[in-house]
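These are the residues of each chain, in order.
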Amino acid sequence: MRVCFTLRVRPDRLDEYRARHREVWPGMRAALSEAGWRNYSLFLAPDGLLVGYLECDDFDAALAEMARREVNARWQAEMAEFFEGDGNADERMRPLDEVFHLD
């Protein structure tokens, strides 16, 4: 399945957010892959709108698997301050409905 979601990055933290994603921990990259996240991309607009895209067999299962990973707990704790609102990003992802797809 294809999943697209949005989040909102604090505008005063955009540059640092970009920098952190140039150096995603190898353990975090491995955990995402092992949890079934494929073809995962993040796109960031100048106003802080973050759009994520991934492919997986089951999004709820992929999120649940990441929730069990210690490396994800550490990553979420470090990244929480970058996002508007409360809680970690994994808990606030809201998938968008796909209305068209061109193969």
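Per an unreviewed UniProt entry, the protein chain is named L-rhamnose mutarotase, and its organism is Lentzea guizhouensis.

A. How the structure looks around helix α4 (residues 70–79). Within the span of α4, buried status applies to Val71, Asn72, Trp75, Gln76 and Met79. Projection of α4 onto a plane perpendicular to its axis shows the buried side chains occupying an angular sector of 130°, all on one side. Across α4 from its buried face, at more than 90 degrees, point the exposed residues Glu70 and Ala77. On its buried side, α4 packs onto α1 (14–21), α2 (26–34), α3 (59–67) and α5 (89–92).

B. Representation of a nonpolar patch on the surface. A grouping of Val99, Phe100 and Leu102 is seen on the molecular surface, where their side chains present a nonpolar patch of about 430 Å² in accessible area. Considering the arrangement of structural elements, one finds phenylalanine 100 in the segment after β4 (94–95).

C. Broad picture of the pairing of strand β1 (residues 2–8). Alternating positions in β1 separate cleanly, Val3, Phe5 and Leu7 being buried on one face and Arg2, Cys4, Thr6 and Arg8 remaining unburied on the opposite face. Both β1 and strand β3 (residues 49–55) contribute to a ladder of seven bridges, which runs antiparallel. Within the sheet, the bridge partner assigned to arginine 8 lies in β3 and is leucine 49. Here β1 pairs with β4 via two bridges, running antiparallel. If you follow phenylalanine 5 over to β4, its bridge partner there is proline 95.

D. Layout of the pattern of salt bridges. Counted according to the given criterion, the structure contains 13 salt bridges. Between glutamate 16 and arginine 13 there is a salt bridge; the shortest N-O distance is 3.0 Å. Between arginine 74 and glutamate 70 there is a salt bridge; the shortest N-O distance is 2.7 Å. Of this pair, arginine 74 and glutamate 70 both sit in helix α4, separated by four residues, roughly a single helical turn.

E. Looking closely at the side chain of asparagine 72. Mapped onto the fold, asparagine 72 is located in helix α4. A distance of 3.2 Å separates a polar side-chain atom of asparagine 72 from the backbone oxygen of methionine 66. Residues contacting asparagine 72, with those up to four places away along its chain left out, are Met28, Met66, Ala67 and Asp90.

F. Local environment of the packing of aromatic side chains. In this structure the tally under the stated criterion is six aromatic pairs. Ring geometry for tyrosine 17 versus phenylalanine 83: centroids 5.7 Å apart, planes at 80°, classification edge-to-face. Of this pair, tyrosine 17 sits in helix α1 while phenylalanine 83 sits in the loop between α4 and α5, and the two are 66 residues apart along the sequence. Assigned by exposure class, tyrosine 17 and phenylalanine 83 land together as buried. The positively charged end of arginine 13 is found above the aromatic ring belonging to phenylalanine 82, 4.3 Å away from the centroid.

Rules used in this analysis
Residues numbered from 1 in each chain as written. Predicted model: local features only at pLDDT ≥ 70, side-chain atom pairs only at ≥ 80, totals over all residues. Heavy atoms only, no water. Buried < 20%, exposed > 50% of the residue type's maximum accessible area, 1.4 Å probe, protein only. Helix = DSSP H or I, 4+ residues; strand = E, 2+ residues; numbered from the N terminus. Arc of directions from axis to C-beta. Contact = heavy atoms within 4.5 Å. Patch = residues over 30% accessible without salt bridge, like charges linked within 9 Å, V, L, I, M, F, W, Y side chains within 5 Å. Areas by Shrake-Rupley, 256 points an atom, 1.4 Å probe, with all protein chains shown as cover. Salt bridge = Lys/Arg side-chain N within 4 Å of Asp/Glu carboxyl O. Pairing = 2+ DSSP bridges. Polar contact = N/O pair within 3.5 Å; in protein donor to acceptor, adjacent residues only side chain to side chain. Phe/Tyr/Trp six-rings, centres within 6.5 Å; stacked < 30°, edge-to-face > 60°. Lys NZ or Arg CZ within 6 Å of the ring centre and 35° of its normal.

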